[in-house]
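Residues per chain, in single letters:
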Amino acid sequence: MGSNALKLSPFSFSKALVFPKSASSKLLPPPQFSFSFSPKINSAAGLRLSLPSSKRNFVAMAGPGAVRKSEEEWRAVLSPEQFRILRQKGTEYPGTGEYDKFFEEGVYNCAGCGTPLYKSTTKFNSGCGWPAFYEGLPGAINSTPDPDGMRTEITCAACGGHLGHVFKNEGFPTPTNERHCVNSISLKFVPANS
């Protein structure tokens, strides 16, 4: 029995979906994909794409799991506190983070890999002691229920770094009725004018 392979992400060419050939696959031609760009990854700035100036009006997202490092490599690029929170799923004390009461215009990137996560326009003052956002950038954040089922963890989709937790239906006057409660140390703010 043969199989077909389909590459899932233009950012991570090592991942492929393999599915068995069946009688129905003889009726349909295999999917055709082609990508004609070369992404450049800079650990400080995230993913950069070179496109004509008319096509540059967007925020590029890294593919799921695109940033992979060993524990030693993470320890070399993160401060001890960043490592504790991003890689070991720790939590900052409430009210101590640099972005809790910070409301400048720009984008919040992952402090581990530089992937854009949140627009400042989605940040709001929840009074919880941590930065709060009502939604992340599309595809930038993964949500996983904690094993005890009490909370839902949010992580960077590119590097798996722990961001915090998402809470729903708390009654905040936001478009999504969600609160992404994020550790400041998991974020790196980039001003809009930079």
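Note that this is a predicted model, so its numbers are computed, not measured.

A.B. asks: Is there a simple way to explain the overall build of the protein chain in this structure?
C.D. replies: For the protein chain, the helix and strand inventory stands at two helices and 13 strands. The buried share of the protein chain, reckoned over its 194 residues, is 38%. The contacts of the protein chain with a sequence gap of at least 6 include a subset with a gap of at least 24, amounting to 51%. Total accessible area on the protein chain is roughly 11900 Å²; 54% of this is exposed by carbon and sulfur atoms.

A.B. asks: Mind showing me how you'd approach the nonpolar core here?
C.D. replies: With 25 residues, the main nonpolar core has L117, Y118 and L187 as its most contacted residues. Elements supplying a minimum of two residues to this core: α2 (80-87), β5 (106-110), β6 (116-119), β10 (152-156), β11 (162-168) and β13 (187-191). For Y118, the contacting residues outside a window of four places in its chain are V107, Y108, F133, E135, G136, L137, I141, I154, L163, H180, V182 and L187.

A.B. asks: Please clarify how the sheet that holds strand β12 (residues 178-182) should be interpreted in this entry.
C.D. replies: In a beta sheet, neighbouring strands are held together by backbone hydrogen bonds and run either parallel or antiparallel to one another. Taken together, the six strands give an open sheet; going across it, the order is β7-β8-β12-β11-β10-β9, and neighbouring strands pair in antiparallel fashion. The two strands at the open ends of the sheet, each matched to only one other strand, are β7 (123-124) and β9 (141-145). Direction of pairing for β9 relative to β10: antiparallel, over a ladder of five bridges. Within β10, the residue paired with T144 across the bridge is E153.

A.B. asks: Please explain the sheet that holds β5 as it appears in this structure.
C.D. replies: Pairing is antiparallel across the open sheet formed by three strands, whose spatial order is β6-β5-β13. Each end of this open sheet is capped by a strand with a single partner; those strands are β6 and β13. Taking each pair of neighbouring strands and ignoring which way they run, the sheet shows an average axis angle of 30 degrees. Direction of pairing for β5 relative to β6: antiparallel, over a ladder of three bridges. Bridge assignment links V107 to a residue of β6, and that residue is K119.

A.B. asks: Sorry if this is basic, but what is going on with the packing of aromatic side chains here?
C.D. replies: How two aromatic rings sit relative to each other is given by the distance of their centres and the angle of their planes. This model, assessed by the stated rule, comprises eight aromatic pairs. Their ring planes at 75 degrees and their centres at 4.8 Å tell us that F102 and F189 sit as a pair that is edge-to-face. With F102 in the loop between α2 and β5 and F189 in strand β13, the pair connects residues that are 87 residues apart, well separated along the chain. Both rings, one in Y108 and one in F133, keep their centres 5.1 Å apart while their planes meet at 70 degrees; by these two values the pair is edge-to-face.

A.B. asks: Explain the pattern of salt bridges here, please?
C.D. replies: Here the idea is simple: oppositely charged side chains can pair when their charged atoms come close. In this structure the tally under the stated criterion is seven salt bridges. Residue E153 is joined to K89 by a salt bridge in which the shortest nitrogen-to-oxygen separation is 2.8 Å. Taken together, the residues span a long stretch of sequence, with E153 in strand β10 and K89 in the loop between α2 and β5 at a distance of 64 residues. Under the relative-accessibility criterion, K89 is labelled partly exposed at 46%. With a closest N to O distance of 3.8 Å, D100 and K101 form a salt bridge.

A.B. asks: I would appreciate a short explanation of the confidence of the model for the protein chain in the present structure.
C.D. replies: A low pLDDT means the predicted coordinates there should not be read in detail. Per-residue pLDDT for the protein chain has a mean of 76; in total, 66% of the residues score no lower than 70. Segment residues 1-62 is flagged for pLDDT under 50; beyond a separation of four residues in sequence, or across chains, it makes 74 contacts in the model.

A.B. asks: Any chance you could explain α2 here in plain terms?
C.D. replies: Think of an α-helix as 3.6 residues a turn; residues three or four steps apart then line up on the same face. Looking only at α2, the buried set comprises Q82, F83, I85 and L86. Turning to α2, the residues buried within the fold contact α1 (71-77) and β11. Just downstream of α2 lies K89, where phi reads positive at about 60 degrees.

A.B. asks: Looking at this structure, I do not really get the environment of L137. What am I missing?
C.D. replies: Its location among the elements puts L137 in the loop between β8 (132-133) and β9. Among the residues examined, L137 registers a relative accessible area of 9% and is labelled buried. Separated by 29 residues in sequence, L137 and Y108 place their C-alpha atoms 9.9 Å apart.

Reading the values: the criteria
- Residues numbered from 1 in each chain as written.
- Predicted model: local features only at pLDDT ≥ 70, side-chain atom pairs only at ≥ 80, totals over all residues.
- Heavy atoms only, no water.
- Helix = DSSP H or I, 4+ residues; strand = E, 2+ residues; numbered from the N terminus.
- Buried < 20%, exposed > 50% of the residue type's maximum accessible area, 1.4 Å probe, protein only.
- Contact = heavy atoms within 4.5 Å.
- Areas by Shrake-Rupley, 256 points an atom, 1.4 Å probe, with all protein chains shown as cover.
- Core = buried A, V, L, I, M, F, W, Y, C linked by side-chain atoms within 4.5 Å.
- Pairing = 2+ DSSP bridges.
- Axes fitted to C-alpha atoms, helices over the stretch in contact; angles between N-to-C directions.
- Phe/Tyr/Trp six-rings, centres within 6.5 Å; stacked < 30°, edge-to-face > 60°.
- Salt bridge = Lys/Arg side-chain N within 4 Å of Asp/Glu carboxyl O.
- pLDDT = per-residue confidence, 0-100.

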